[in-house]
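Listed here are the chains, written in short residue letters.
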Amino acid sequence: MRDLRTEEMTLNMGPQHPSTHGVLRLKLRTDGEVVTSVEPVLGYLHRCFEKHAENLEYPGVIPFVDRCDYLASMNNDHGYALAVEQFLDIEVPERVEYIRVIFAELQRIASHLVAFGTFGLDVGAFTPFLYAFREREMILDLFEMTCGARLLYNYIWVGGLSHDIPPGFVEKTYRFLEHFEPKIKEYNDLLTNNKIFIERTADVGMLPRDVAISYGVTGPQLRASGVDWDLRRDEPYSIYDRFDWKVAVGVDAYGELGDCWNRYYVKILEMQESAKIVRQALDNLPVEGDVHAAIPKKIRPPEGANYFRSENPRGELGFYIVSDGGTTPFRVKMRSPALSNLGVIDEIASDWLVADVVAILGSLDIVLGEIDR
Amino acid sequence: MQGLIQFFQHIGLASQFWATVLSTIIYAAAVFGFLAVFALVAVYLERKVSGHMQDRLGPMRVGWHGFLQTVADTLKLLAKEDIIPRNADRVLFILAPVVLFVGTYLVFAALPFGPGIIGADLNIGLFYIIAVSSLVVIGIIMAGYSSNNKWSLYGGMRSAAQIVSYEIPVGLSLLIGVMMTETLNLGVMVQAQETGIAGLGGILGWNFIQNPFAFIAFFVYVVAGTAEANRTPFDLPEAESELVAGAFTEYSGMRWAFFFLAEYANMWIVAVLGAVVFLGGWNSPIPGDIYVPGIVWLFVKAFAIVFVQIWARWTFPRIRVDQLMTTCWKYLTPIAFFNLIGVGFWLMMSPF
């Protein structure tokens, strides 16, 4: 028996694995089923977004921004458009601001629905995924009737929108909200308060408050750790200061703050809050108005740099734009929220089981398009 | 079986030996046919039930309401390329689905389908079934080891731990039925459930309603049986979102289909055993002389249990490997032992 020895096994998870949410590769060192270290390997979906941006005029970058976080294209567009507008010091009409907020929040709901559904898949529950997609489908229908696209919209432009909302959009959105808000209870019954689900996620993969802050974790993942920080409220951009809503923070219900369950539940709460914002924005939407601001034909921001950050469904989305005074950006750096959130994985997923790594990765809600860019 | 043998002797086959051999082959082929058809129906049922639970229709295109979809899928599997990974242990890799399927198939020798419809009417039928159904684990470990894939290895090891552990609550729960009816012969066990308390018959005669311990034991059995059949929430050897497809990751085409067939056959075994031991087998739930063939009642009961397994699969998340062991050793096994002792006392004290 003395000759028997054990050693750690290196396990390659991905890039082709059902639970890595795209082409992420994780190098796991495992001792039996216990994972001793996790090393993410990135770059399988690298599409040179930032280099492309240097060769395109400012408005032309938008379709590329769309393709970064493909589950939240509207929010990306919104962030980029605001970044350029702030650089140029452009004011957009009131109506545009409202429509942008409506779309950004609908997109946030759609994105969180995917997160909710795929997190269910990660822990082995298949049905919530289809429930989530049922509602997401309705949001995509709204987007489709507005701009014809269902995934990559190119709708929010620098200085306005590509075109106005179609007739019937407002009523249809109200109907969607009527349908959607009661469904959240259904999600909670099916998954959130399910005993097995709680066992799998509560007190798993705790992300302490200070670790979250030091790694630059943002968005629902940060709020789940009990940090009450949301750019929409704390650094209000667009017209977010006009609405009455609450920032969703992790709750002390089943486990510690910052566990997988909280990271999941904050997204459920945020969907409710987003629905509230959409409703208020619809109520106050100015009836008439142009959807284009008066902007110069060629956008030439002044020489210098500008950084603008906005709250994406996955966290803080930043655009650092350097201009040399020409019509194309000298440099565009995108601060990807999912990349910073993924960085914390070794810290929180070590010493958990393989199945927990899947759950933790799912709760971080990453989108590879944005991480690799 | 006996009927078949007599039939052959009747039509002039003098030798008892050859009559037996011939009937065995025919019966085995019939069981295989049944299994294949059952798997088709169960997969169809699974897809339809899950579809309707998930707010969609499930297969609709092939045949009436997609009834032939599973047939089409089977044909696709038959036509698929059979891939053996280069670094796999070829012998074990090829043998694994065979061992797994044989383990499952052997059970059907002693599993009744209705009154008198049984391969070998063993007087230790239940014991035999519990014994041979454990062979399944060897097949899964072989598949996990021989694939030369770390995920498959995990699946194999998980499966070994799981099936060996869950044998205990399953066995103990079935033992309660044995204590109450004082037989290991499944046919006799069903006969004993015809009357029950105060000779009322019908549903009141069935084992699970005879005493509170048997009632609990039935639920312990269904839970542990679901785990034995590797179904969600206990499908850790496959664990699609963690281990890709677990022990079966490297398999394709017909070899994979055999694993699949064995899984559904296992579901059926769990369901039929539950129906026979706890739910009165082929006895009618209503006392009196309503003529419905026994086989119909047995199938209704078995399909009810199959439905519950499908229902659970599409509702629950999967539990974790350590929680799986905790559920078995800290909850199900003690409860099963408690039931066993309880039933013992009940049978001694009870006036019936």
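Residues numbered from 1 in each chain as written. Chains lettered and ligands numbered in written order. Predicted model: local features only at pLDDT ≥ 70, side-chain atom pairs only at ≥ 80, totals over all residues.

Asks: Lay out the overall build of chain A in plain terms, naming residues and giving numbers.
Replies: Scanning chain A from N- to C-terminus turns up 15 helices and 9 strands. Rg of the C-alpha trace for chain A: 21 Å, near the compact-globule value of 21 Å for 373 residues, within the 12% margin. Considering only C-alpha atoms, chain A reaches an extent of 80 × 45 × 35 Å along its principal axes. In chain A, once contacts between residues fewer than 6 apart in sequence are set aside, the share between residues at least 24 apart is 71%. (Helix = DSSP H or I, 4+ residues; strand = E, 2+ residues; numbered from the N terminus. Rg over C-alpha atoms; globule rule 2.2 N^0.38 Å. Contact = placed C-beta atoms within 7 Å.)

Asks: Can you break down the sheet that holds strand 7 (residues 315-323) of chain A residue by residue, with the values?
Replies: All names here are of chain A. If you trace the 3 strands from one edge of the open sheet to the other, you get 6-7-8, paired in antiparallel fashion. Across the chains shown, the open sheet's two edge strands, defined by having one partner strand only, are strand 6 (304-312) and strand 8 (331-335). Pairs of neighbouring strands in the sheet enclose a mean axial angle of 15°, with direction left out of account. As defined by bridge partners, strand 7 adjoins strand 8 across 5 bridges and the pair is classed as antiparallel. Opposite Gly-318, over in strand 8, you have Arg-335 as the bridge partner. Taken strand by strand, helix 3 (residues 73-88) contacts strand 6 and strand 7, and its axis lies near 150° from that of strand 6. (Pairing = 2+ DSSP bridges. Axes fitted to C-alpha atoms, helices over the stretch in contact; angles between N-to-C directions.)

Asks: So, the environment of Ile165(A): which residues are in play, and what are the values?
Replies: All names here are of chain A. Mapped onto the elements of the fold, Ile-165 is located in the loop between strand 5 (160-161) and helix 6 (169-192). Spatially, the C-alpha atom of Ile-165 lies 34 Å from that of Gly-362, the residues being 197 residues apart in sequence. The residues contacting Ile-165, other than those within four sequence positions of it, are Ile-99 and Thr-146.

Asks: How would you sum up the nonpolar core? Please name residues and give values.
Replies: Soluble globular proteins tend to pack their nonpolar side chains together in the buried interior. Core analysis: the biggest nonpolar cluster contains 199 residues, and Val357(A), Ile360(A) and Val272(B) have the highest contact counts within it. The dominant element in this core, judged by the number of residues it contributes, is helix 11 (residues 253-278) of chain B, at 19 residues. A domain-level breakdown of this core finds at least three residues from each of domain 1 (1-79) and domain 2 (85-349) of chain B. Not counting residues up to four positions away in its chain, the partners in contact with Ile360(A) are Val204(A), Gly205(A), Cys260(A), Ile345(A), Ile348(A), Ala349(A) and Trp352(A). (Core = buried A, V, L, I, M, F, W, Y, C linked by C-beta atoms within 7 Å. Buried ≥ 20, exposed ≤ 12 C-beta atoms within 10 Å, placed from the backbone. Domains from an automatic or database assignment.)

Asks: Please set out the packing of helix 4 (residues 90-107) of chain B against helix 6 (residues 135-146) of chain B residue by residue, giving values where relevant.
Replies: Residues and elements named next belong to chain B. Where helix 4 meets helix 6, the closest approach of the two axes is 7 Å, and the angle between their N-to-C directions is 160°. When the axes of helix 4 and helix 6 are compared, the pair comes out roughly antiparallel. Crossing angle aside, the handedness with which helix 4 passes helix 6 is left-handed. Contact with helix 4, carried on its side by Leu-92, Phe-93, Leu-95, Ala-96, Pro-97, Val-99, Leu-100, Gly-103 and Thr-104, involves Leu-135, Val-136, Ile-138, Gly-139, Ile-140, Met-142, Ala-143, Tyr-145 and Ser-146 of helix 6 and no other residues of that element. Partitioned by chemical class, the residues of the contact of helix 4 with helix 6 number 14 nonpolar, 4 polar and no charged. (Parallel < 35°, antiparallel > 145°, perpendicular 65-115°, else oblique. Left-handed = near helix turned anticlockwise from the far one by under 90°. Nonpolar A, V, L, I, M, F, W, Y, C, P; charged D, E, K, R; others polar.)

Asks: Before we move on, could you go through the domain arrangement of chain B and cite the residues and values that matter?
Replies: Residues and elements named next belong to chain B. Segmentation of chain B into domains returns domain 1 (1-79) and domain 2 (85-349). The distance between the C-alpha centroids of domain 1 and domain 2 comes to 19 Å. Counting from both sides, the interface comprises 17 residues of domain 1 and, opposite them, 18 residues of domain 2. With 12 residues, the single largest contributor to the side of domain 1 that touches domain 2 is helix 2 (residues 16-53).

Asks: I'd love a proper account of the sheet that holds strand 1 (residues 9-13) of chain A, names of residues and values included.
Replies: Residue and element names in this part refer to chain A. Spatial ordering of the open sheet is given by 1-2-3-9, a layout of 4 strands whose pairing is antiparallel. At either end of the open sheet lies a strand with only one pairing partner, and these are strand 1 and strand 9 (352-353). One ladder, built from 2 bridges, connects strand 3 (residues 34-41) with strand 9; its direction is antiparallel. Across the sheet, Val-34 pairs through a bridge with Leu-353, a residue of strand 9.

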